[in-house]
Amino acid sequence: MHLTWRVTILGFPLRGLGALAVASLLAGVALGSPAAALGSPADAAGYATGGAADAWLVPPAPLRIAAPFDRPTSDWGPGHRGIDVWLTAGSIVNSPGDGVVTFAGRIAGRGVVVVTHPSGLRSTLEPVTASGHVGDEVRMRDPIGALELVGSHCVPRACLHWGVRRGDNYVDPLDVTRGFGPIRLLPLRD
């Protein structure tokens, strides 16, 4: 017996692996949290220590992706350890989730703000002129600074770099963003 996946999204027919990917995405979003979608309890614990709901983040700015995440093959190998989001210089940058500002300063000439979330995830946003200080508690979508042009990955245009770490590992910010999440296909259970 041959089984073919078929899905139509916005009038575009998808078959095979494309349809399977869309079905998987919809199933992953329906699971309710990145912790639930990870599969193993050990992985889930790394995402959500205070409950799965607080593990989801939101984009720190309108999500117009200039450059996607590109996982390096080694700790010091080439890659892009976050995503770049198109934004204009001076735009407000918001906290992607509840947390505490654990760094607000300059590194290599560019402004950097780090927010540590209750789930243990750390969001790094740059180049940003911080509007707060280390130790400030922030809520999801609270303004944490303004985008600088100096130090932008996208010169001559401005863009915001958003990196997310879990422990010492970089993760794709979209994998922990509400509405995206990791794609996992799980068997149906009776």
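Sequence positions are assigned chain by chain, starting from 1 and proceeding in written order. Owing to the predicted nature of the model, reporting of local features is limited to residues with pLDDT of at least 70; listing and counting of side-chain atom pairs is limited to 80 or more, with chain, interface and lining totals taken over all residues. Excluding hydrogens and water, the side-chain figures rest on all heavy atoms present in the structure.

S.K.: Can you walk me through the state of the cysteines in this structure?
M.R.: Cysteine pairs can be linked by a disulfide, which is a covalent bond between their two sulfur atoms. In this description, a disulfide is simply a cysteine sulfur pair whose atoms lie within 2.5 Å. Going through the model one piece at a time under the given rule, you end up with one disulfide. Note that C154 is cross-linked by a disulfide to C159, the S-S spacing being 2.1 Å. Between C154 and C159 the sulfur-sulfur dihedral comes to about 85 degrees; the bridge is accordingly right-handed. Each residue is assigned to one of three classes by its accessible area relative to the maximum for its type, calculated with a 1.4 Å probe on protein chains only: buried under 20%, partly exposed between the two thresholds, exposed over 50%. Overall, C154 belongs to the buried group, its relative accessible area being 13%.

S.K.: When you look at the sheet that holds strand β11 (residues 143-147) in this model, what are you seeing that I'm missing?
M.R.: Consider a sheet: its strands pair through backbone hydrogen bonds, and that pairing is either parallel or antiparallel. The criterion for strand pairing is that DSSP finds at least two bridges linking the strands in question. Helix and strand assignments come from DSSP, with helices taken as H or I runs of at least 4 residues and strands as E runs of at least 2, each series counted from the N terminus. Strand order in the open sheet made by the three strands is β5-β11-β9, with antiparallel pairing throughout. Each end of this open sheet is capped by a strand with a single partner; those strands are β5 (92-94) and β9 (128-130). Here the strands of the sheet are splayed against their neighbours by 40 degrees on average, with no regard to which way each runs. Both β9 and β11 contribute to a ladder of three bridges, which runs antiparallel. From the neighbouring strand, V128 faces β11, where its bridge partner is L147. Where helices are involved, their axes are fitted lines through C-alpha atoms of the stretch in contact, as for all axes, and angles between N-to-C directions lie from 0 to 180°.

S.K.: Explain the nonpolar core here, please?
M.R.: Grouped burial of nonpolar side chains is what soluble globular proteins tend to show. V93, L125, I144, L160 and V164 are the most contacted members of the largest nonpolar core, which totals 23 residues. Breaking this core down by element, the ones donating at least two residues are β4 (83-86), β7 (110-116), β8 (121-126), β11 and β12 (159-166). When residues in this core are grouped by element, the largest group, three residues, is from β12. Two residues form a contact once any of their heavy atoms are found within 4.5 Å. Residues within four places of L125 in sequence aside, it is in contact with P60, V93, P96, G111, V112, V113, I144, L160, H161 and W162. Working definition of a nonpolar core: buried Ala, Val, Leu, Ile, Met, Phe, Trp, Tyr and Cys residues. They are joined through side-chain atoms within 4.5 Å.

S.K.: Where do I start with the pairing of β11 in this structure?
M.R.: Every other side chain in a regular strand lies on the same face of the sheet, so the side chains alternate between the two faces. Note that β5 and β11 share three bridges and pair antiparallel. Bridging from a neighbouring strand, N94 pairs with P143 of β11.

S.K.: Before we go on, may I ask you to explain the pattern of salt bridges in this structure?
M.R.: By definition here, a salt bridge exists when the distance from a side-chain nitrogen of Lys or Arg to a carboxyl oxygen of Asp or Glu is within 4 Å. By the definition in use, this model includes three salt bridges. Its salt-bridge partner being R106, residue E148 comes within 2.9 Å of it at the nearest N-O pair. Taken together, the residues span a long stretch of sequence, with E148 in the loop between β11 and β12 and R106 in strand β6 (residues 99-107) at a distance of 42 residues. Taking the relative accessible area as the measure of exposure, E148 reaches 10% and is therefore buried. We note a salt bridge from R110 to E126, for which the minimum N-O separation is 2.9 Å. One end of the pair, R110, is in strand β7; the other, E126, is in strand β8, and 16 residues separate them in sequence. Of the residues examined, R110 reaches a relative accessible area of 24% and is grouped as partly exposed. Among the residues examined, E126 registers a relative accessible area of 12% and is labelled buried.

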